[in-house]
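# Chains, contacts and geometry: an overview
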Amino acid sequence: MTAAHPPNPRAGGILLQSPTAAALQANTHKFLEQLEQLELRHFVEMTKETASPLGDAEIRFQLHAELAQSWAPGFDTLGLAAQLQSGTEGRTAGLEQEIVLAMLAGPLAFVFPSHAELAASVRMRRNTVLAARKTALAFYTAEADRPEDCWVYDEERGFTVRPGQPLIHALQKAT
C-alpha cells in the first residue's frame, strides 16, 4: 500500500483501484456495506477519480473535510476514539471504526486493489492492537530487575545477556 498520487491535503483516504468499472462497482458496494455496518457511512465522501496511469478505475473515500479538520486536525488521529464517544477498549467494532476513520482521514492514500485486501488490512491492524493490549513491558534500563541467570550488569555497558544465554529467552524472562 503506497500513496498513488502526490501528497496534498485532500489526496489521502482510501483509494480503491480495480481493472474494470464492474469490479470497481462491486468493491465499492462491499466497502459501503462495511461502512454501514461500522456506522460510518454518513461521515464519508466518495470521489470518482480519473483513470490511474495503469488504466485502473479508481474511487477515493475520505472523511468529510469538516470532520477531518475537527476530528483529526493536521492529520493527528489520536483523538478519534474520543470523537466516537463509544470507547474502543472493549469493543472490536469500535476499534475497527477508529482504524477505518484514521485511514479515511490520512494524508496519503491507502491504495487497495479490492475490498478483500482493504478488509484484510483493517483486520491486521485490529489484531495488532488487540495483541498489543495483552502485552505488558517492564524493561526499565536504569533498574536492576533482570533475572540474574540470563543478565549481567556492568556500569559501563549496562545490562547485557550472559554468554551462552539465548537472547529471546532472556528477553522473555525480563518482560
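See the structure shown above.
What counts and what doesn't
Residues numbered from 1 in each chain as written. Predicted model: local features only at pLDDT ≥ 70, side-chain atom pairs only at ≥ 80, totals over all residues. Heavy atoms only, no water. Helix = DSSP H or I, 4+ residues; strand = E, 2+ residues; numbered from the N terminus. Buried < 20%, exposed > 50% of the residue type's maximum accessible area, 1.4 Å probe, protein only. Contact = heavy atoms within 4.5 Å. Areas by Shrake-Rupley, 256 points an atom, 1.4 Å probe, with all protein chains shown as cover. Pairing = 2+ DSSP bridges. Axes fitted to C-alpha atoms, helices over the stretch in contact; angles between N-to-C directions. Salt bridge = Lys/Arg side-chain N within 4 Å of Asp/Glu carboxyl O. Phe/Tyr/Trp six-rings, centres within 6.5 Å; stacked < 30°, edge-to-face > 60°.

### Observations concerning the overall build of the protein
Helix and strand content of the protein: six helices and six strands. Going residue by residue from the N terminus, the α and β elements of the protein occur as β-α-β-β-α-α-α-β-α-β-β-α. When the 175 residues of the protein are sorted by exposure, 37% land in the buried category. Contacts spanning at least 24 positions in sequence make up 58% of the contacts within the protein whose residues lie at least 6 apart. As displayed, the protein offers around 10400 Å² of accessible surface, 56% of which is attributable to carbon and sulfur atoms.

### Here we look at the sheet that holds strand 2 (residues 44-49)
The strands that make up a sheet pair up through hydrogen bonds in the backbone, lying either parallel or antiparallel. On the basis of which strands lie adjacent, the open sheet formed by four strands has the order 2-3-1-4 and mixed pairing. Bordering the open sheet on either side are strand 2 and strand 4 (110-112), each of which pairs with just one other strand. Put simply, the sheet's adjacent strands are angled 20° from each other on average, direction ignored. Here five bridges tie strand 1 (residues 14-18) to strand 3 (residues 57-63), and the two strands are oriented antiparallel to one another. Within strand 3, the residue paired with serine 18 across the bridge is alanine 57.

### Section: the pairing of strand 5 (residues 151-154)
Sheet topology note: the strand 5/strand 6 (residues 158-161) ladder contains four bridges and is antiparallel. Across the sheet, residue aspartate 154 finds its bridge partner in strand 6, namely glycine 158. Here strand 5 folds back onto strand 6, and the loop between the two strands holds three residues.

### So, the pattern of salt bridges
Considering all chains together, one arrives at two salt bridges under this definition. One salt bridge in this structure joins arginine 126 and glutamate 96, with 2.5 Å as the shortest N-O distance. A residue pair is termed long-range when its members are at least 10 positions apart, and arginine 126 in helix 5 (residues 115-133) and glutamate 96 in helix 4 (residues 92-105) qualify at 30 residues. An identical accessibility class is assigned to arginine 126 and glutamate 96; each is buried. Note that lysine 173 and aspartate 149 form a salt bridge whose closest N and O atoms lie 2.6 Å from each other. Of this pair, lysine 173 sits in helix 6 (residues 167-174) while aspartate 149 sits in the loop between helix 5 and strand 5, and the two are 24 residues apart along the sequence.

### Remarks on the packing of aromatic side chains
Taken as a whole and assessed by the stated rule, the structure comprises three aromatic pairs. Pairing phenylalanine 31 with phenylalanine 61 gives two aromatic rings, centres 4.7 Å apart and planes at 85°, and the pair type is edge-to-face. Remark: phenylalanine 61 occurs in strand 3 and phenylalanine 31 occurs in helix 1 (residues 21-37); sequence separation between them is 30 residues. Each member of the pair, phenylalanine 31 as well as phenylalanine 61, carries the same accessibility label: buried. Ring centres of phenylalanine 43 and tryptophan 71 lie 5.0 Å apart, and the angle between their planes is 70°; on these two criteria the pair is classed as edge-to-face. Here phenylalanine 43 is found in the loop between helix 1 and strand 2, whereas its partner tryptophan 71 is found in helix 2 (residues 65-71), with 28 residues between them in sequence. The exposure class assigned to phenylalanine 43 is buried, which follows from its relative accessible area of 16%. We classify tryptophan 71 as buried; its relative accessible area is 11%.

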